[in-house]
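Residue-level structure breakdown
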Amino acid sequence: MKRDKLIEKNEIAEELIDISEELDKVERAATRSGINDFNELVLKDKNNNPITQGQIHRFWNWFIDTCLLKGRKRIGICAPMEHGKTNQISIGRILHSIGLDPNMRIKLVSCIDNKAKEKTTAVKKIIQYSEEYQAIFPKIKPSKDDSWTGHRLVVNREAYGTVDATLESQSVTAEGIGGRCDLLVFDDVVDEQNSMTE
């Protein structure tokens, strides 16, 4: 009887430790240096399981954060296909940036229109439906004053009268990607078709 109660208390203690560690991770994810915790909590794989940051992803995020801290404005990440660049940067880092600063204006440029739209749609769905995202950044909600399209989204902001969207995406060959931005992300802008044009 005592042994059963001791086992039950140990199991409860382990659950409380797990909960405490998860809460610490959520708190870290809401900070400027918390991108890796954020991505592990919010981003999912194709089976809807949380991703695990690989060393390469941690290195990319360290590199980007270090460059930003040093005032570098142009930062590039180059890696082979299927290494998670889009997930880490065009989705994860954009979501994290919006959570940290809802007044941010972000432009996302991709090789073709459908690719740009896919990335914007992924960001939108996470903002709207991810319980994990809302636990980390509960104030981030779609703006009721602006409609969300396939290429544009606006979240509730503290700065009124901002003309540019929170996130706007276009293909590299599209007209009208103008406007102001605080963050410009190029993701897979070169493909076979546009690299062969003169």
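These numbers come from a predicted model, not from an experiment. Within each chain, residues carry numbers counting from 1 in the order of the written sequence. A pLDDT threshold of at least 70 governs which residues receive local features in this predicted model, and a stricter bar of 80 or more applies before side-chain atom pairs are shown or counted, although totals over entire chains, interfaces and linings include all residues. Excluding hydrogens and water, the side-chain values take into account all heavy atoms of the structure.

1. Some remarks on the packing of aromatic side chains
In summary, the pairing rule links any two rings of Phe, Tyr or Trp, Trp by its six-membered ring, whose centres are within 6.5 Å, and it sorts them by plane angle into stacked for under 30 degrees, edge-to-face for over 60 and tilted for everything else. Scanning all chains against the criterion turns up five aromatic pairs. Ring centres of F38 and Y133 lie 5.9 Å apart, and the angle between their planes is 80 degrees; on these two criteria the pair is classed as edge-to-face. Note that F38 is positioned in helix 2 (residues 35–42) and Y133 in helix 6 (residues 131–136), a separation of 95 residues in sequence. Side by side, F38 and Y133 carry an identical accessibility label, which is buried. Ring centres of F59 and W62 lie 5.6 Å apart, and the angle between their planes is 35 degrees; on these two criteria the pair is classed as tilted. Of this pair, F59 and W62 both sit in helix 3 (residues 55–69), three residues apart, which is roughly one turn of the helix. With a relative accessible area of 46%, F59 lands in the partly exposed category. Helix numbers and strand numbers start at the N terminus; a helix is a DSSP run of H or I with at least 4 residues, a strand a run of E with at least 2. Exposure is judged per residue with a 1.4 Å probe applied to protein chains only, and the accessible area is read against the type maximum: over 50% gives exposed, under 20% gives buried, and values in between give partly exposed.

2. As for the pairing of strand 3 (residues 167–171)
Burial of strand 3 is extensive: five of the five residues sit out of reach of the surface. Side chains of strand 3 alternate between two faces, with L167, S169 and S171 and E168 and Q170 buried alike. At least two DSSP bridges between two strands are required for those strands to pair. Strand direction decides the pairing type here: strand 1 (residues 106–110) and strand 3, joined by five bridges, are parallel. Looking across to strand 3, one finds that L108 is bridged to S169. One ladder, built from two bridges, connects strand 2 (residues 152–153) with strand 3; its direction is antiparallel. Bridge pairing in strand 3 places L153 opposite L167.

3. What to know about the nonpolar core
Only buried residues count toward a nonpolar core. Its members are Ala, Val, Leu, Ile, Met, Phe, Trp, Tyr and Cys residues joined through side-chain atoms within 4.5 Å. Within the largest apolar cluster, 29 residues are counted, with the highest numbers of intra-cluster contacts made by F38, I98, V123, I127 and Y133. Listing elements by their share of this core, those giving two or more residues are helix 1 (2–29), helix 2, helix 4 (85–100), strand 1, helix 5 (113–129) and helix 6.

4. Digging into the side chain of S90
Mapped onto the fold, S90 is located in helix 4. Here a polar contact means two N or O atoms within 3.5 Å. Within protein one must be a hydrogen donor candidate and the other an acceptor candidate, and residues neighboring in sequence count only if both atoms are side-chain atoms. Side chain to side chain, S90 and D187 meet in a polar contact 2.7 Å long. Here, residues are in contact when the closest pair of their heavy atoms is within 4.5 Å. For S90, the contacting residues outside a window of four places in its chain are K85, L108, K119, V123, V185 and D187.

5. Let's talk about the packing of helix 3 against helix 4
To obtain an axis, a line is fitted to C-alpha atoms, over the contacting stretch when the element is a helix, and the angle between two such axes runs from 0 to 180 degrees between their N-to-C directions. Packing of helix 3 against helix 4 leaves a shortest axis separation of 10 Å and a crossing angle of 45 degrees. Classified by the angle their axes make, helix 3 and helix 4 are oblique. For helix 3 against helix 4, the interelement crossing comes out right-handed. Contacts from H57, W60, N61, I64, D65 and L68 in helix 3 reach K85, Q88, I89 and R93 in helix 4. Note on residue categories: nonpolar means Ala, Val, Leu, Ile, Met, Phe, Trp, Tyr, Cys or Pro, charged means Asp, Glu, Lys or Arg, and polar means any other residue, Gly included. Tallied by class, the residues present in the contact of helix 3 with helix 4 amount to four nonpolar, three polar and three charged. Geometric relationships in this document are graded by angle, where less than 35 degrees denotes roughly parallel, more than 145 denotes roughly antiparallel, 65 to 115 denotes roughly perpendicular, and other angles denote oblique. The crossing is said to be left-handed when, going from far helix to near helix, the turn is anticlockwise and less than a right angle, and right-handed when the turn is clockwise.

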